[in-house]
Amino acid sequence: CTIKGNIIIGHRDSPVKQCAIIGDSGSGAQTGPVLFTENVMYGMAFGAIMNLPGGIMHRNIVYDTGGGLVASANNVKIQNNLIYNLTARGISVDGTFTGIEIDGNSVIDCLTSGIGTTTGTATIKNNLVVCGAGGTNKAIREESGTCTLSTNHYFARSGALSWRWNGVS
C-alpha cells in the first residue's frame, strides 16, 4: 500500500490528537509494509505515526506541528524527510521496538529534541539536526534503548548542544 501526495492540515491546539495514523496498533489483522511518502503535514498534534511493522515514512514534510514522525512498530524506516519548527520532538520511537532505521532526515528547530528513542533499538545515520530557536538544544534523546549513531551532523544556533543518553544529560 502507498499513501502519497496528500496535504494534511490540522489544529495542534485541539484536545484531539490529530495526526496521520498508519495502522491500528491494537489490531492483529493488519500487515505491512506501507509506504507513506511525499505528504505534507501542518498544524497538528503530531505529523504521522507508523504502527505497521516494516512501514516506511519517506520524503515527507512536517512543519508547525506538535511532534513530527513516530515509529511505533518493529522495522520501521524513517528516511529523507524534512521536519521543522515543532513544539516537541522531531522524530521519535515510541515503545520497545527493534530494527528502527532513521536515515537521511533534516530535523530543524524542534523544541524538546531533534531525534528521540525510548527502550528499543535504532540506527540513526546521515541526519542533519539543527537545534535552537528557543528550544533545549537537545540533538539526541535516548532513554534506555540501544542506538547506533553514524555520520549525523549537529548544529546549535546558539549555546551548547546537548544529548540525553540512558537518562543522563
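Residues numbered from 1 in each chain as written. Predicted model: local features only at pLDDT ≥ 70, side-chain atom pairs only at ≥ 80, totals over all residues. Heavy atoms only, no water.

Novice: Mind showing me how you'd approach the overall build of the protein here?
Specialist: Scanning the protein from N- to C-terminus turns up 0 helices and 21 strands. The burial tally for the protein puts 44% of its 169 residues in the buried class. Across the protein, the fraction of contacts at a sequence separation of at least 24, relative to all contacts at a separation of at least 6, is 45%. Surface accessibility of the protein: about 7600 Å² in total, with carbon and sulfur atoms responsible for 52%. (Helix = DSSP H or I, 4+ residues; strand = E, 2+ residues; numbered from the N terminus. Buried < 20%, exposed > 50% of the residue type's maximum accessible area, 1.4 Å probe, protein only. Contact = heavy atoms within 4.5 Å. Areas by Shrake-Rupley, 256 points an atom, 1.4 Å probe, with all protein chains shown as cover.)

Novice: Help me understand the sheet that holds strand E12 (residues 91–93), please; the structure alone is not making it clear to me.
Specialist: As summarised here, the arrangement of the 7 strands in space is E3-E6-E9-E12-E15-E18-E21, forming an open sheet in which the pairing is parallel. Of all the strands in the sheet, the pair left with one neighbour each is strand E3 (20–22) and strand E21 (162–165). With direction set aside, neighbouring strand axes in the sheet form an average angle of 10 degrees. (Pairing = 2+ DSSP bridges. Axes fitted to C-alpha atoms, helices over the stretch in contact; angles between N-to-C directions.)

Novice: Help me understand the confidence of the model for the protein in this model?
Specialist: Low pLDDT marks regions whose predicted coordinates should not be analysed in detail. A residue-level look at the protein finds 86% of positions with pLDDT of 70 or above and a mean pLDDT of 84. Here E21 stands out as the element of the protein with the lowest mean pLDDT, 74, in contrast to strand E10 (residues 77–79), whose mean of 97 is the highest. (pLDDT = per-residue confidence, 0-100.)

Novice: Any chance you could explain the pattern of salt bridges here in plain terms?
Specialist: Oppositely charged side chains can form a pair if their charged atoms are brought close together. Within this structure, the stated rule accounts for 2 salt bridges. Note that Lys4 and Glu38 form a salt bridge whose closest N and O atoms lie 4.0 Å from each other. With Lys4 in strand E1 (residues 2–4) and Glu38 in the loop between strand E4 (35–37) and strand E5 (40–42), this pair connects stretches of sequence that are 34 residues apart. One salt bridge in this structure joins Glu38 and Arg59, with 3.6 Å as the shortest N-O distance. Of the two residues, Glu38 is situated in the loop between E4 and E5 and Arg59 in the loop between strand E7 (56–58) and strand E8 (61–63); the sequence distance between them amounts to 21 residues. Its relative accessible area of 47% is what places Arg59 among the partly exposed residues. Several salt bridges share partner residues, and in doing so they unite Lys4, Glu38 and Arg59 into one network. (Salt bridge = Lys/Arg side-chain N within 4 Å of Asp/Glu carboxyl O.)

Novice: It is not clear to me how the environment of Ala73 should be interpreted in this structure. Could you clarify?
Specialist: The topology assignment puts Ala73 in the loop between strand E9 (69–71) and E10. A relative accessible area of 3% means that Ala73 is categorised as buried. Between the C-alpha atom of Ala73 and that of Ile100, which follows or precedes it by 27 residues, the distance is 8.3 Å. Leaving out residues up to four positions away in the same chain, Ala73 has contacts with Met50, Asn51, Leu52, Pro53, Phe97 and Ile100.

Novice: Any chance you could explain the side chain of Asn60 here in plain terms?
Specialist: Secondary-structure assignment places Asn60 in the loop between E7 and E8. Here Phe36 takes part through its backbone oxygen, which lies 3.0 Å from a polar atom of the side chain of Asn60. Setting aside chain neighbours within four positions, we find Asn60 in contact with Phe36, Thr37, Glu38, Asn39, Met41, Asn80, Asn81 and Leu82. (Polar contact = N/O pair within 3.5 Å; in protein donor to acceptor, adjacent residues only side chain to side chain.)

Novice: Whenever I open this one, a nonpolar patch on the surface confuses me. Can you help?
Specialist: Taken together, the side chains of Ile7, Ile9 and Tyr42 make up a nonpolar region of the molecular surface, amounting to roughly 340 Å² of accessible area. Looking at Tyr42, the relative accessible area reads 33%, which means it is partly exposed. (Patch = residues over 30% accessible without salt bridge, like charges linked within 9 Å, V, L, I, M, F, W, Y side chains within 5 Å.)

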